[in-house]
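Architecture and fold: a report
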Amino acid sequence: MREEVPIQLLAVDDDPHCLNLIQEALAQDGLEILTTTSPEAGLEMIRRRHPQIVLLDLMMPHMHGFELLERIVESDAATDVILMTAHHSIESAVEAIRKGAADYLTKPLDLDRLRQKMRELIVTAGERQRALQLDRQMLETLQFEGIIGRSPLMLEVFDRIRRVAPHFRTVLITGATGTGKELVARALHRRSPAGSQTFAVCNCSAVVETIFESELFGYVKGAFTGAVQDKVGLFEYAHRGTLLLDEIGDMPLLTQAKLLRVLQSQEIQRVGSPAVRSVDVRVVAATHRDLRALVSTRQFRDDLFYRLSMVEIHLPSLAERKEDLPLLERHFVERFAVQYRKPVRGLTRRAQALLARYSWPGNVRELENALGNACMMALGDLIDVADLPERIRKSSGDEPAADEVLLPLEELDRRHTLRVLDSVKGNKTRAAEILGISRATLYRLIEPAAAREPQEVLSHVSSEPRL
């Protein structure tokens, strides 16, 4: 059982007496209290230590509390920030909430209210901490032969692999580019009776048509100009093992006919030799193309298609299994952090939200490349939006409707928030996590402007639990 790390609270106030009061009032086991009288030093501690909770004085020399609040939210929107001020006004309270503060307290501090608020935030921070530990455990648990997924579509793929692997002779794997077809082929091989034997790969889209037969079946010395010695083809090389024919939709028709004969007889002839050689090979064919459409246009043999597709495993696109994104993100970040020897430990909430909105036309391979790039670019221990590739930063998910182009920014925010809420079936906590905002901010965004009054916003702040 992993030992729980203490919750960190940072208090930033130019009044040392106030900092001493906070330390005495909140001292308890499981809470580490950090203090500073300098906003610049406070910002540096936030970037280095990532405290879960920040108590922040509104009026300080050199840097206004609102400016520091904006920088904290920009650094990590998951941090709960409570502003403190002796100059209370409804306007400043509303502005604090709009800028991302979790609450707003007046000075002199009401210690009972401060302790109550801290209890709520400590409980929430502890829940987040345990959720991160569960994520790590889930990443270790929810891997099947090196394939990561917990979505229903991927669990169905895992189940088909388990059932098919002990028995298959031919399997067809379909799915868009970057969905992991070779990983599935290797999983089928490892779980088959031939799992300890050779696994060979032929990329059909990379083989020149004139040498296809030689690549698959081999040749003998003197079969053609340049054949100075015998060569073993991939079928012989994979004898008693498995051969992956990747992108089989690009295989020439003449080679398709010869492949069909080999699948039926389990016998091959090297180019230039009349001798027949028996082979025992399991064949996995993979393609991102629609073979049925190619059959209808006579670009792929129907008899070969039916032979290969006796068992078909279809891989979903990443857009169809976005619930797997957090696991995949953690897996790739941890892998690249080790590979590049960098202290990157995750992504900011807003970076996660941006990745969740992106359409991922290149699927898991594109996600892997994007996070590899981001790990190289990251200066701190968290990947932020600025570290992600430009094509992802510029993508805003769904294109705005024509009637949204001239809407006020506040109404656009409200509409997007409502869409996210609808996508998570009204779960406000989950919606706030995706958007990288507090629940108080979420409530403000979803209310029509005419229905909001400053006092109502403040009532949300004091009554709603924080993320």
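What this report covers is the structure whose coordinates are included nearby.

Here is what the cut-offs are and how they apply
- Every chain's residues receive numbers from 1 upward, in the order its sequence appears when written.
- pLDDT decides what is reported in this predicted model: residues at 70 or higher carry local features, side-chain atom pairs at 80 or more are listed and counted, and totals for whole chains, interfaces and linings draw on all residues regardless.
- Hydrogens and waters are ignored; side-chain quantities use all the structure's heavy atoms.
- Strands pair, by our definition, only if DSSP identifies at least two bridges between them.
- Helix and strand assignments follow DSSP, with helices taken as H or I runs no shorter than four residues and strands as E runs no shorter than two, numbered in order from the N terminus.
- Fitted lines through C-alpha atoms serve as axes, helices being fitted only where they are in contact, and the angles separating the N-to-C directions of these axes extend from 0 to 180 degrees.
- Between two residues, a contact is recorded if the distance between any of their heavy atoms is within 4.5 Å.
- When a carboxyl oxygen of Asp or Glu lies within 4 Å of a side-chain nitrogen of Lys or Arg, that pair is called a salt bridge.
- Exposed residues in this analysis have more than 50% of their type's maximum accessible area, buried residues have under 20%, and partly exposed residues fall in between, with area computed by a 1.4 Å probe over protein chains only.
- A helix's residues, less one, multiplied by 1.5 Å, set its expected span.
- Here, the arc refers to the directions that run from the helix axis to the C-beta atoms.
- Identification of polar contacts relies on pairs of N or O atoms within 3.5 Å, with a donor-acceptor requirement for protein atoms, meaning one able to donate a hydrogen and the other able to accept it, and with residues adjacent in sequence counted only if both atoms are side-chain atoms.
- In this description, a nonpolar core means a group of buried Ala, Val, Leu, Ile, Met, Phe, Trp, Tyr and Cys residues linked to one another through side-chain atoms lying within 4.5 Å.
- Between rings of Phe, Tyr and Trp, where Trp is taken as its six-membered ring, a pair exists when centres lie within 6.5 Å; planes separated by under 30 degrees are stacked, by over 60 edge-to-face, and by other angles tilted.
- Cation placement over rings: the criterion is NZ of Lys or CZ of Arg within 6 Å of the ring centroid and within 35° of the ring normal.
- Any cysteine sulfur atom paired with another within 2.5 Å is treated as part of a disulfide.

1. Remarks on the sheet that holds strand β4 (residues 80-85)
Judged by pairing direction, the sheet is parallel, and its 5 strands sit side by side in the order β2-β1-β3-β4-β5 without closing on themselves. With partners counted over all chains shown, the strands left at the sheet margins are β2 (31-36) and β5 (103-106), one partner each. Direction aside, neighbouring strands of the sheet carry axes that sit 20 degrees apart on average. Across 6 bridges, the pairing between strand β1 (residues 7-12) and β2 is parallel. Paired with Leu-10 across the strands is Leu-34, a residue of β2. Contacts from helix α1 (residues 16-26) reach β1, β2, β3 (53-57) and β4, with the element oriented near 175 degrees to β2.

2. A closer look at the pattern of salt bridges
With the rule as written, the count across this model stands at 30 salt bridges. Lys-107 is paired through a salt bridge with Asp-13; the nearest N and O atoms lie 2.5 Å apart. On the criterion of sequence distance, the pair formed by Lys-107 in the loop between β5 and α5 (111-141) and Asp-13 in the loop between β1 and α1 is long-range, its members being 94 residues apart. Given the relative accessible area of 21%, Lys-107 is considered partly exposed. Take Asp-13: its relative accessible area is 0%, and that puts it in the buried class. Put simply, Arg-321 and Asp-324 hold a salt bridge, and the shortest N to O gap is 2.8 Å. Residue classification places Arg-321 among the buried positions, given a relative accessible area of 2%. Residue class for Asp-324 comes out buried when judged on its relative accessible area of 0%. Here the salt bridges share partners, and the residues they tie into one network are Asp-103, Arg-113, Lys-117 and Glu-120.

3. Description of helix α13 (residues 325-340)
Taking 1.5 Å as the rise per residue, α13 with 16 residues should run 22 Å; its terminal C-alpha atoms sit 22 Å apart, in good agreement. Inspection of α13 places Leu-325, Leu-327, Leu-328, Glu-329, Arg-330, Phe-332, Val-333, Phe-336 and Ala-337 among the buried residues, and these make up the whole buried set. Remark: Arg-341 follows α13 within two positions and exhibits a positive phi of approximately 55 degrees.

4. Focus on the environment of Cys-204
For Cys-204, the location among the structural elements is in the loop between β9 (199-203) and α8 (212-217). The exposure class assigned to Cys-204 is buried, which follows from its relative accessible area of 1%. C-alpha separation for the pair Cys-204 and Asp-250, spaced 46 residues apart in sequence, amounts to 6.0 Å. If sequence neighbours within four positions are ignored, Cys-204 has contacts with Phe-212, Leu-245, Asp-246, Glu-247, Ile-248, Asp-250 and Met-251.

5. Topic: α1
Buried residues of α1: Cys-18, Leu-19, Ile-22, Ala-25 and Leu-26, and no others. Angularly, the buried residues of α1 cover 135 degrees about the axis, an arc narrow enough to put them on a single face. Of the exposed residues in α1, those oriented more than 90 degrees away from the buried face are His-17 and Glu-24. The opening residue of α1 is Asp-15, an N-cap whose side-chain oxygen sits 3.0 Å from the backbone nitrogen of His-17.

6. Description of the nonpolar core
By size, the foremost hydrophobic cluster in this structure holds 31 residues, and its most contacted members are Leu-216, Phe-235, Leu-245, Ile-248 and Phe-300. Those elements that place two or more of their residues in this core are β9, α8, α9 (234-237), β12 (242-246), α10 (253-265), β15 (282-287), α11 (291-296) and α12 (302-308). Per-element tally for this core: the top contributor is α10, with 4 residues. When near neighbours in sequence (up to four residues on either side) are disregarded, Phe-300 contacts Ile-248, Gly-249, Leu-253, Gln-256, Leu-291, Leu-294, Val-295, Phe-305 and Leu-308. In this structure, Ala-337, Trp-360, Val-364 and Ala-378 belong to the second largest nonpolar core, which totals 26 residues.

7. Thoughts on the packing of aromatic side chains
Scanning the entire structure with this criterion turns up 6 aromatic pairs. In this arrangement the basic side chain of Arg-282 is found over the ring face of Phe-168, its NZ or CZ atom lying 6.0 Å from the centre. Between Arg-335 and the ring centre of Phe-336, over which it is positioned, the NZ or CZ distance is 4.7 Å.

8. Thoughts on the state of the cysteines
Evaluation of the coordinates by the stated rule reveals 0 disulfides. Cys-204 forms no disulfide, and the closest cysteine sulfur to it belongs to Cys-202, at a distance of 4.4 Å.

9. Let's talk about the sheet that holds strand β16 (residues 312-314)
An order of β9-β12-β15-β8-β16 is seen for the 5 strands of this open sheet, with the pairing classed as parallel. Strand pairing shows two members of the sheet lacking a second neighbour, β9 and β16, which therefore form its edges. Strand-to-strand twist in this sheet, taken as the mean axis angle between neighbours without regard to direction, amounts to 20 degrees. Here 5 bridges tie β9 to β12, and the two strands are oriented parallel to one another. Across the sheet, Asn-203 pairs through a bridge with Asp-246, a residue of β12. Helix-sheet contacts for helix α6 (residues 152-164) involve β8 (170-174) and β16, and the interaxial angle to β16 is about 160 degrees.

10. What to know about the environment of Ser-92
Note on placement: Ser-92 falls in helix α4 (residues 90-98). In this structure Ser-92 comes out as buried when scored by relative accessible area, which is 11%. Distance in space between the C-alpha atoms of Ser-92 and Phe-66 is 9.4 Å, their sequence separation being 26 residues. Setting aside residues up to four positions removed in sequence, Ser-92 forms contacts with Phe-66, His-87 and Tyr-104.

Read these as geometric descriptors, not functional statements.
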